[in-house]
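# Summary of the model geometry
One-letter residues, chain by chain:
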Amino acid sequence: MPPSPVVAKVEFDADGIHHGFLRMPYSRDDSAWGSILTPITVAKNGDGPTALLTGGNHGDEYEGPIALFDLARNLDISEVTGRIVIVPALNYPAFRAGTRTSPIDRGNLNRSFPGRPFGNPTEKIADFVTRNLLPMADLVLDFHSGGRTLDFLPFAAAHVLDDKDQEAACFAAVRAFGAPYSVKMLEIDAVGMFDTTAEAMGKVFVTTELGGGGTASARTAAIAKRGVRDLLRHAGIVKGEPEIRATRWLDMPDERCFTFSEIDGLMEPLVDLGETVREGQPIGRAWPIDRTGQDPYTYTAKMDGILAARHFPGLVKAGDCIAVLGVLD
Ligand SMILES: [Zn+2]
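Residues numbered from 1 in each chain as written. Predicted model: local features only at pLDDT ≥ 70, side-chain atom pairs only at ≥ 80, totals over all residues. Heavy atoms only, no water.

An unreviewed UniProt entry lists the protein chain under the name N(2)-acetyl-L-2,4-diaminobutanoate deacetylase DoeB, with Jiella sonneratiae as the source organism. The Cofactor (unreviewed entry) field of the UniProt record for the protein chain holds the comment "Zn(2+)". (UniProt positions renumbered as here; feature names shortened; annotations may be inferred.)

Let us look at the packing of aromatic side chains. This model, assessed by the stated rule, comprises ten aromatic pairs. Residues F194 and F205 carry aromatic rings whose centres are separated by 5.5 Å and whose planes lie at 75 degrees to one another, so their mutual orientation is edge-to-face. In this pair, F194 is assigned in helix α5 (residues 194–200) and F205 in strand β10 (residues 204–209), connecting sequence segments eleven residues apart. A single burial state applies to F194 and to F205, both of which are buried. Among the aromatic residues, ring-to-ring pairing joins Y62, F69, Y92 and F95 into one connected group. (Phe/Tyr/Trp six-rings, centres within 6.5 Å; stacked < 30°, edge-to-face > 60°. Helix = DSSP H or I, 4+ residues; strand = E, 2+ residues; numbered from the N terminus. Buried < 20%, exposed > 50% of the residue type's maximum accessible area, 1.4 Å probe, protein only.)

Spatial ordering of the open sheet is given by β16-β15-β13-β18, a layout of four strands whose pairing is antiparallel. Each having just a single partner strand, β16 (297–300) and β18 (315–316) make up the two edges of the open sheet. Bridging between strand β15 (residues 282–287) and β16 involves four bridges; their strand directions are antiparallel. By the bridge assignment, P282 is partnered in β16 with T300. (Pairing = 2+ DSSP bridges.)

Looking now at the state of the cysteines. In this structure the tally under the stated criterion is zero disulfides. As a non-bridged cysteine, C257 has C321 as the owner of its nearest cysteine sulfur, 10 Å distant. A residue is classified by how much of its surface remains accessible, and C257, at 0% relative accessible area, is buried. (Disulfide = S-S within 2.5 Å.)

Attention shifts here to the pairing of β10. Burial runs high along β10: six of the six residues are buried. Alternating positions in β10 separate into two faces, V204, V206 and T208 on one and F205, T207 and E209 on the other, with burial throughout. Direction of pairing for strand β6 (residues 139–142) relative to β10: parallel, over a ladder of four bridges. In the strand pairing of β10, D142 is matched with T207. With three bridges connecting them, strand β8 (residues 155–159) and β10 associate as antiparallel partners. Pairing of A157 across the sheet is with T207, part of β10.

It is worth spelling out helix α1 (residues 63–74) at this point. Compared with the 16 Å implied by 1.5 Å per residue over twelve residues, the 16 Å span of α1 between its first and last C-alpha is a close match. Buried within α1 are the following residues: E63, G64, P65, A67, L68, L71 and A72. Among the structural elements, β2 (16–25), β3 (35–45), β4 (50–54), β5 (82–87), α2 (92–97) and α6 (218–234) are those in contact with the buried residues of α1. (Expected span 1.5 Å × (residues − 1). Contact = heavy atoms within 4.5 Å.)

What follows is about empty space enclosed by the protein. For the structure on display, the rule yields two cavities of 30 Å³ or more. In this model, the largest cavity occupies a volume close to 120 Å³. Considering the residues around the largest cavity, the lining is formed by M267, P269, V271, I283, G284, Y299, L307, R310, H311, I322 and A323. Looking at the lining of the largest cavity, the elements that each hand over two or more residues are β13 (265–269), β15, β17 (305–311) and β19 (321–328). Looking at side-chain class alone, the lining of the largest cavity contains eight nonpolar, two polar and one charged residues. Taken as a whole, the second largest cavity holds about 80 Å³ of empty space. Along its surface, the second largest cavity is lined by V6, L22, M24, I36, T38, L90, I125, F128 and V129. (1 Å grid on protein atoms, 1.4 Å probe; cavity = no way out; pocket = protein on both sides within 12 Å on 5 of 7 lines; lining within 4 Å. Points joined across faces, edges and corners; volume = space filled by probe spheres on them. Nonpolar A, V, L, I, M, F, W, Y, C, P; charged D, E, K, R; others polar.)

In C-alpha cells:
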C-alpha cells in the first residue's frame, strides 16, 4: 500500500494543546494544486491512553461537531493525562456542504472504511483514519445524529462483539457517556463502517445518535458536551469521576426493529419518539399523494418496544426507513 496522501499538520507527540489541519491534496478546476484542510486538535499531557474523538462523519449531524469544537477550545491541559485527538468534522467537505455525503464524490464516509489511499477523497479520509489515527487510539468516540432525514432519541451505543471483554469495555464506555438512552445497536449495513474497522482492530468504540433533522437542540448539544467529558473521565484521560446520570438501556434484537416505507407518500406519524408500542399497533401511515380518495398505507409495529427513531421529513419515498424500535432492557 502506498502511504496516505493526507499530511497531518499538527503535533501528535508534544505535550500541550496543538491546533492544526489534516491537509489532503485535492486538485480541481478552481485550485490546481489545492487541498482540503480538515481542522484537528491534539491535546497531550504525559503518558497515558489516547482517545480519538470524531464528529461530522456525516456532514449534516451537528451535536458531535458542537461538542468537539467546544472541547478543542476549552479543554484545560492540566486536567489531561494521556492524549486526546479531536476531529470535529471528519468528512469536512460534507460538513461544509451540510450534507450527509461528500459533494465532491458523493462518498458516504461511514460506508467507505477501511478506505483506499488512491481512492476518491472520501476513501482517502477513511484510509488515513484507519492507518494513521486508529493505531494511536485506545478509545474511539464517533458522534452521529439523524441528519436531515432521521430523528433519534438521544443515545450512546455499542455493538454486540465476538470478543466479550472488548464488548464489556465498549458498553462500560457507553454507560459512562451517560446519554438518556444507551443502546445495544444492530446495524442494517455494517460493511464499510468506521465502527466495524475500529472494532476489528480491538478498540473500545462508542457511537451516538443524539437527535436529528439536520440541526441540534440545546438539550442534545448539552448531552454531547457532558457525554464526551464523562467518557474521557471514565478512560482516565481527564481528571475526576464521571457523573452517574440515569440511562435507559435499549436492545435491538433483530430486523423487526426496522420499518421501511413501501410507497411514496405523505407521512402521518401515529406515535412519537419515546412512546411505547405493542406488536401489531399502527405506528404511522403514508397517504398516497397523487390523488384524493385513496386509503393510506398503514405501518404496524412488528414487536413490542419504544419508538427510538423516525423518518424526519414529511414526505417519504419507497424504501425509506420510517421507524426504528428499541426494546427496553
Ligand atoms: Zn451519521
